[in-house]
Amino acid sequence: MTANDQRTTDLNKVLNRRRIVNLTGLAILNLLISLWMGQQAYNWMPPQASAESVLVDKLFSFMTTVGTFIFLGVIGTLFYSILFQRAAKYDDTDGPPIEGNVKLEVIWTALPILLVIWIGTVSYQTYDQMSILGDIAPKAMETVQTVPLPVEPKKMVATGVEKPAEAAPIEVRSRQWSWEFRYLQQGISSTELHLPVDQRARFKLISEDVLHGFYVPAFRVKQDIVPGKAIDFSLTPIREGRYRLRDSEYSGTYFAANQTNVVVESAEAYEQWLTTVAATEPTAAENVAQAEFNKSQETSARRGWPTIKPAPAPIVNYTSSEKDSHE
Amino acid sequence: MSNATLEPLRPNQPPSNPSPEPGTPENWRTFFSFSTDHKVIGIQYIVTAFIFFLFGGLLAMVMRGELITPESDLVNRTVYNGLFTMHGTIMLFMWTFPMLNGLANYLVPLQIGARDMAFPRLNAAAFWMVPVFGVILITSFFVPGGPSQSGWWAYPPVSLQNPTGNLINGQSLWLLAVALSGVSSIMGAVNIVTTIFRMRAPGMGWFKMPAFCWTVLSAQMIQLIGLPALTAGAVMLLLDLTVGTSFFNPELGGDPVLYQHFFWFYSHPAVYVIILPIFGVFSEVFPVYARKPLFGYKVVAISSLLITGLSLIVWVHHMFASGTPGWMRMLFMITTMTISVPTGIKVFAWVATIWGGKIRLTSGMLFGLGALFAFLFAGITGVMLASAPFDIHVNNTYFVVGHFHYVINGAVVMGFYAAIYHWFPKMTGKMYYEGLGKLHFALTFLGINLIYLPMHPMGLMGMPRRVASYDPEFAFWNVLASLGGFLLGVSTLPFLLNMLSSWTQGKPAGDNPWNAIGIEWLVSSPPPHENFEEIPVVVSPPYGYGSDEPLVSNNPAGKPIAEAMSSSEMEGAIA
Amino acid sequence: MSTTNVDPALNSNVVVSSHAEPNHTEHEEDYRMFGFIVFLLSESVIFFSFFVGYIVYKTNATDWLPVGFEGLEVREPFINTVVLVSSSFVIYFAERFLRKENLWGFRLFWLMTMAMGSFFLYGQAVEWMGLPFGFKDGVFGGTFYLLTGFHGLHVLTGVLLQGLMLGRSFWPNNYDGGEFGVEATSLFWHFVDVIWIILFVLIYLWK
């Protein structure tokens with residue numbers, strides 16, 4: 001070939017090499033930022049109060065890293081175009097007639113497929129480890145024996161604690177608009193859920209009227225409660241503290257106020273609480289929905305549309321209070 | 001010669017023209033009539049829908065006003081619940097679906113070289129149902145008991161509770177309106193599908209059809225398959241509510257979760273009905289303002305159909321926390337994640353279209369880019385949501401609200417604005433004011449990010465959605481979001497100002513102000529009745545930028561071929 | 001470049017499509033049938049949704065039939081089924097007569113179809129009135145009346161459409177431009193039939 005051709009080819013090689021180096025550099029920078037973002041992701045979550053939360057946060061961190069990488073890559077490319085590939089002011093002509101590039105299209109089909117497989121696999125493994133149980137008991141709620149006891153999780157990630165002797169599940173009664181927890185074995189009830197730390201907590205979720213949702217953000221688990229069914233549910237708290245429990249499935253007028261607290265405490269404190277509460281006379285619990293509703297009935301001014309009357313406040317041995325702080 | 005100007009062959013019209021062209025301000029009365037012209041109907045849909053968009057936005061402003069403080073202190077809780085229910089319902093059924101039908105109606109016949117839709121009168125009838133069910137929905141605010149307060153999903157048993165005990169209540173009116181909306185949509189879908197299958201111009205094989213028409217076809221096919229399932233569920237819910245049957249009433253042996261399956265079997269694919277035409281807008285807009293062909297056009301077209309197919313098998317990802325068994329959660333997690341593949345193909349194709357082009361940042365292009373940005377972000381959080389263990393934490397929290405608003409208000413609304421700025425000159429014959437357009441973009445883009453980005457940490461921290469009040473730890477993010485919301489409200493003002501003043505007083509735009517390649521750009525602005533003097537004969541695939549091939553071999557507007565080709569050059573540079 | 005010779009007739013904005021594509025009516029016929037088929041496919045999804053609901057309810061129910069109810073009588077509905085399915089053949093012959101332009105043959109068989117459809121509806125009403133359970137009697141009652149009622153509504157619509165076509169057949173030269181109305185009504189009738197067969201199997205035969 002001619003000297004010119006040779007020079008062009010050399011130049012192309014150089015440019016190609018420089019381009020590859022540049023791209024690799026940018027990719028590495030992207031990766032570093034993405035990894036950093038993945039670490040930041042932990043800060044966006046509530047405290048890790050359950051074994052499940054450790055798994056979920058790890059999964060979320062991983063997805064944040066991958067997501068950031070893709071986002072920065074694509075947006076970076078777009079921004080480059082927008083900044084440096086604008087048409088000259090009086091240039092009306094068309095750009096190059098590039099209609100496609102098979103190699104590129106194969107890559108950007110294959111890589112996402114691989115990515116989906118990767119993320120799907122990690123998610124599946126996380127789910128497996130969490131062994132979230134949402135088994136639905138048959139309609140007859142009254143029977144005590146409904147479904148076989150839940151399968152033990154394959155691996156206790158955080159604490160490796162063995163499950164102690166079978167404790168009866170705590171019966172969770174959700175209503176419009178209150179929570180009641182019945183410790184059937186001890187014969188007590190409470191509107192604040194108390195759990196011993198590092199022990200598998202098992203529940204029977206029951207709704208007395210409409211759909212509700214049992215959701216503790218600090219535990220990273222949630223389960224809709226379906227009226228007409230008793231749902232088995234379990235989790236493992238690993239950190240002492242008081243956390244928020246919120247109704248997560250829209251349940252009507254005072255849905256937003258249908259909240260209570262979960263207290264995770266040492267085994268001794270838990271036993272102590274059970275004993276104390278058993279000796280307490282049941283009284284009507286503090287109930288935000290009831291209080292607001294009564295107040296609205298007193299004022300003669302019509303402030304809203306008709307609402308379903310709240311269920312009466314549960315009569316419990318121990319009542320939670322909105323004044324208690326939570327994490 | 002003097003006639004060889006911007007509007008050749010359009011003779012001067014006397015003011016009292018018996019059949020003036022749609023889109024010109026002189027014949028505004030046409031837009032209030034039962035016109036069977038797809039261009040008139042398209043504009044009717046768009047304008048009607050936008051009015052409801054503003055109303056739905058107003059409801060959102062009140063909601064953000066409530067949520068700027070943790071307590072329920074602005075409106076009564078029942079009012080707030082009615083607000084979020086009607087906000088969602090109006091935005092979906094009165095704004096998004098009619099608006100997309102409007103764009104499709106206007107553009108599809110022009111882009112495929114047809115004189116009108118297959119069934120013009122059915123078309124008009126379908127449109128006129130929109131104000132009817134809109135009025136029914138608005139009326140529901142005024143009946144005793146107020147509007148529906150069960151969310152736009154209307155999940156039983158809450159939706160069956162009916163505090164007033166009346167037969168005619170907000171919920172039953174809601175169901176009636178949604179049922180009518182379904183009928184109107186089915187009518188539209190039959191029309192559009194028939195038109196695209198049967199009325200493409202000679203020479204326009206499937207792979208010579210613009211990508212916008214591909215996406216519209218895919219979307220309308222979803223409507224045909226999915227809507228009847230929603231109708232079935234809605235009928236059963238209405239019977240439970242009014243007659244006292246027990247389909248979903250657990251006290252009488254019904255199954256509330258079955259309703260969720262009926263509901264989501266349609267409502268998930270519905271979101272692809274919403275986004276697909278916007279994908280089509282991207283595919284039309286980016287080539288014009290980068291002056292490059294759509295990268296991988298054929299694959300982009302086919303991916304629309306892939307999305308249609310996949311969209312029908314992912315719905316249970318809305319029910320990961322509903323008590324679905326583990327195998328179901330895993331199955332639908334896989335299918336949901338898979339749908340990101342054909343979607344990703346499109347995104348990369350658009351980036352590659354833009355790359356190396358000669359980019360012009362007109363208002364249409366800016367909104368297209370902003371919409372793509374929003375969609376990319378939402379797509380990533382969407383894949384996160386597909387992951388069942390993660391979704392169980394954020395399901396029914398503001399994380400989801402942030403995700404879908406990035407799509408619906410970010411990608412879809414900004415995509416809509418891109419479409420309007422791009423085709424406004426064609427529809428009206430006038431040019432809009434570019435400065436106002438850029439201002440509109442800046443305010444909108446800032447507002448979208450300010451309102452919806454904070455919703456992600458809110459949700460991660462555990463703030464549920466649909467709440468009239470919240471715990472104080474969420475206050476900071478909510479204040480940011482509310483500020484963004486108010487900014488969004490304000491951002492519509494330059495747009496309204498621009499549209500109204502440009503339509504009446506803007507400069508004449510000419511046939512092809514963007515120098516774009518497409519059959520719609522070969523006819524006058526606005527196009528004449530029945531669109532073409534001669535049906536075009538298509539000889540090339542679309543997006544032939546950078547090559548010399550003509551799109552058509554004849555003169556659809558009645559101009560000589562040479563003049564048809566060069567007229568695009570004569571239109572001059574874009575601002 | 002030269003300008004075109006502007007045909008003054010083209011100056012008006014009302015474009016007369018007489019110069020347009022030939023077989024304008026044929027195209028329209030084709031569109032309408034295509035559109036109608038698309039519509040029927042969509043409509044069938046409503047029925048399929050109800051069928052799925054029925055199957056889910058039945059397989060999950062602990063007490064399926066209302067208290068005291070032994071099961072549905074199959075004999076009369078089976079007779080109705082035979083009548084309805086046969087009417088599909090009858091309507092097919094009616095169409096054949098019309099294509100051969102034998103108007104009275106068409107009208108006879110068309111009327112027979114209407115009679116058979118009406119017989120079906122009558123039979124359905126008789127069955128309904130003899131049943132000891134109502135619409136509100138549990139999920140079984142609800143789904144039974146919903147399915148048979150929704151289907152019956154379609155049969156009624158079919159019979160009414162047939163009546164309309166029958167009336168129109170007396171219009172002079174009505175069918176010179178094609179028989180879309182008759183073809184569509186006939187297709188609708190076949191659709192109603194197929195739906196009934198599935199329904200019959202699900203509700204009456206599947207125990």
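Sequence order as written defines residue numbering, which begins from 1 separately in each chain. Here the convention is simple: chains get letters from A, ligands get numbers from 1, in the order in which they are written. Whole-chain, interface and lining totals are the exception, using all residues; otherwise, since this is a predicted model, local features are given only for residues with pLDDT of at least 70 and side-chain atom pairs are given and counted only at 80 or more. Computation of side-chain values covers all heavy atoms of the structure but excludes hydrogens and water.

Engineer: Would you explain the overall build of chain B in this entry?
Structural biologist: Numbering of helices and strands starts at the N terminus; helices are DSSP runs of H or I of at least 4 residues and strands are runs of E of at least 2. Counting its regular elements, chain B contains 16 helices and zero strands. On C-alpha atoms alone, chain B measures out to a radius of gyration of 24 Å, which is about the 25 Å that the 2.2 N^0.38 rule sets for 575 residues. If one aligns the C-alpha atoms of chain B with their principal axes, the spans along those axes are about 80 × 50 × 40 Å. Counting the 575 residues in chain B, one finds 72% classified as buried. To get the radius of gyration, use the C-alpha atoms; to get the globule rule, take the number of residues to the power 0.38 and multiply by 2.2 Å. Classification of residues uses two cut-offs on accessible area relative to the type maximum, computed with a 1.4 Å probe and protein chains only: under 20% is buried, over 50% is exposed, and between them is partly exposed.

Engineer: Got a minute to help me understand unusual backbone geometry in this structure?
Structural biologist: Leaving glycine out, the prevailing phi sign among residues is negative, and the prevailing peptide bond configuration is trans. The omega angle of the peptide bond from Q176 of chain A to W177 of chain A is 10°, so this bond is cis rather than trans. The topology assignment puts W177 of chain A in the loop between β1 (170-175) and β2 (178-183). The residue after P156 of chain B, namely P157 of chain B, is reached through a cis peptide bond having omega 0°. A positive phi angle is found at A154 of chain B, which is not glycine, with a value near 55°. Assignment of secondary structure puts A154 of chain B in the loop between α3 (120-139) and α4 (170-198).

Engineer: Quick question: what am I supposed to make of the pairing of β1 of chain A here?
Structural biologist: Consecutive side chains along a regular strand alternate between the two faces of the sheet. All names here are of chain A. A large share of β1 lies buried, amounting to six of its six residues. Of the two faces of β1, the one carrying I170, V172 and S174 and the one carrying E171, R173 and R175 are both buried. Here β1 runs beside strand β5 (residues 201-207); their pairing, made up of five bridges, is parallel. Bridge pairing links R173 to I206 in β5. At least two DSSP bridges between two strands are needed for those strands to be called paired.

Engineer: Can you walk me through the sheet that holds β5 of chain A in this structure?
Structural biologist: Neighbouring strands of a sheet are bound in pairs by backbone hydrogen bonds; such pairs are parallel or else antiparallel. Residues and elements named next belong to chain A. With mixed pairing, five strands are arranged side by side in an open sheet as β3-β2-β1-β5-β8. Both edges of this open sheet fall to β3 (188-190) and β8 (231-235), since each of them pairs with a single strand only. The average undirected angle you get between the axes of adjacent strands in this sheet is 25°. Contact criterion: two residues are considered in contact whenever any of their non-hydrogen atoms come within 4.5 Å of each other. Note on geometry: axes are C-alpha line fits, over the in-contact stretch for helices, and angles between N-to-C directions span 0 to 180 degrees. Sitting on the sheet, helix α4 (residues 267-278) touches β2 and β3, and the angle it makes with β3 is about 105°.

Engineer: I keep staring at the interface of chain B and chain A and nothing clicks. Help me out?
Structural biologist: Note on interface size: it is often stated as the accessible area lost on association of the parts. Listed by partner, the interface residues are 99 residues for chain B and 88 residues for chain A. Throughout, the accessible surface (probe 1.4 Å) given up by two parts as they are put together, summed over both, is called the buried area. Taken together, both faces of the contact between chain B and chain A bury some 7,900 Å²; the carbon and sulfur share is 66%. In the sections that follow, a salt bridge refers to a side-chain nitrogen of Lys or Arg positioned within 4 Å of a carboxyl oxygen of Asp or Glu. Applying the counting rule to chain B against chain A returns seven salt bridges. Two N or O atoms count as a polar contact when they lie within 3.5 Å, although within protein this holds only if one can serve as hydrogen donor and the other as acceptor, and sequence-adjacent residues are included solely when both atoms are side-chain atoms. On inspection of chain B and its partner chain A, the count reaches 34 residue pairs in polar contact (both at pLDDT 80 or more). Elements that contribute at least two residues to the side of chain B that touches chain A include exactly α2 (77-112), α6 (256-290), α7 (297-311), α8 (326-338), α9 (340-354), α10 (363-386), α11 (388-394) and α14 (455-460) of chain B. Residue polarity is assigned by list, with Asp, Glu, Lys and Arg as charged and Ala, Val, Leu, Ile, Met, Phe, Trp, Tyr, Cys and Pro as nonpolar; anything else, Gly included, falls into the polar class. Along the lines of polarity and charge, the residues of the side of chain B that touches chain A split into 55 nonpolar, 32 polar and twelve charged.

Engineer: Help me out: how do you make sense of the packing of helix α3 (residues 103-130) of chain C against helix α5 (residues 180-205) of chain C in this one?
Structural biologist: How two helices pack is summed up by the angle between their axes together with the distance between the axes. All names here are of chain C. Look at α3 against α5: their axes get within 13 Å of each other, and the N-to-C directions meet at 30°. Regarding the angle of α3 to α5, the classification is roughly parallel. For the crossing formed where α3 meets α5, the hand is left-handed. For the pair α3 and α5, contact is made by F106, W110, T113, G117, F120, Q124 and E127 and by V182, T185, S186, W189, W196 and Y204, respectively. Tallied by class, the residues present in the contact of α3 with α5 amount to seven nonpolar, five polar and one charged. Put simply, angles under 35 degrees are roughly parallel, angles over 145 are roughly antiparallel, angles from 65 to 115 are roughly perpendicular, and the rest are oblique. By definition, turning the near helix anticlockwise from the far helix through less than a right angle yields a left-handed crossing, and turning it clockwise yields a right-handed one.

Engineer: Looking at this structure, I do not really get the confidence of the model for chain B. What am I missing?
Structural biologist: Close inspection of predicted coordinates is inappropriate for parts of the model with low pLDDT. All names here are of chain B. pLDDT expresses, on a scale from 0 to 100, how confident the predictor is about each individual residue. When pLDDT is averaged along chain B, the result is 92, and 93% of the positions lie at 70 or above. Here residues 1-18 is modelled with pLDDT under 50, and outside its nearest four sequence neighbours on either side it reaches 24 contacts, counting other chains as well. The low-confidence segment residues 563-575 (pLDDT under 50) makes 24 contacts with residues lying over four places distant or belonging to another chain.

Engineer: Whenever I open this one, the pattern of salt bridges confuses me. Can you help?
Structural biologist: A side chain with one charge can pair with a side chain of the opposite charge if their charged atoms come near. All names here are of chain A. For the coordinates displayed, the defined rule picks out 23 salt bridges over all chains. Across the pair R200 and E52 runs a salt bridge, and its minimum N-O distance is 3.0 Å. Taken together, the residues span a long stretch of sequence, with R200 in the loop between β4 (193-196) and β5 and E52 in helix α2 (residues 51-84) at a distance of 148 residues. For R200, a relative accessible area of 17% gives the class buried. Since its relative accessible area comes to 3%, E52 is described here as buried. Of the charged contacts in the structure, one is a salt bridge between D232 and K204, with a shortest N-O distance of 2.9 Å. Taken as a pair, D232 in strand β8 and K204 in strand β5 lie far apart in primary sequence, 28 residues in all. Judged on exposure class, the residue D232 and its partner K204 are both buried. Residues joined in a network through salt bridges with shared partners are E171, R173, R175, E180, R182 and E208.

Engineer: Looking at this structure, how should I read the confidence of the model for chain C?
Structural biologist: In the predicted model, chain C carries a mean pLDDT of 85, and the fraction of residues at 70 or more is 84%. Taken over the whole predicted complex, pTM reads 0.90, whereas the ipTM for its chain interfaces reads 0.91.

Engineer: What should I look at first to understand the packing of helix α13 (residues 434-452) of chain B against helix α15 (residues 475-505) of chain B in this one?
Structural biologist: Residue and element names in this part refer to chain B. It is the contact of α13 with α15, at a shortest axis distance of 7 Å, that shows an interaxial angle of 160°. Between α13 and α15, the crossing angle belongs to the class labelled roughly antiparallel. As for how α13 packs across α15, the hand of that crossing is left-handed. Counting all contacts with α13, which are made through L436, G437, L439, H440, L443, T444, L446, G447, I448, L450, I451 and Y452, the residues of α15 involved are L480, A481, L483, G484, G485, L487, L488, S491, P494, F495, L497 and N498. Across the contact of α13 with α15, the residue classes break down as 16 nonpolar, eight polar and no charged.

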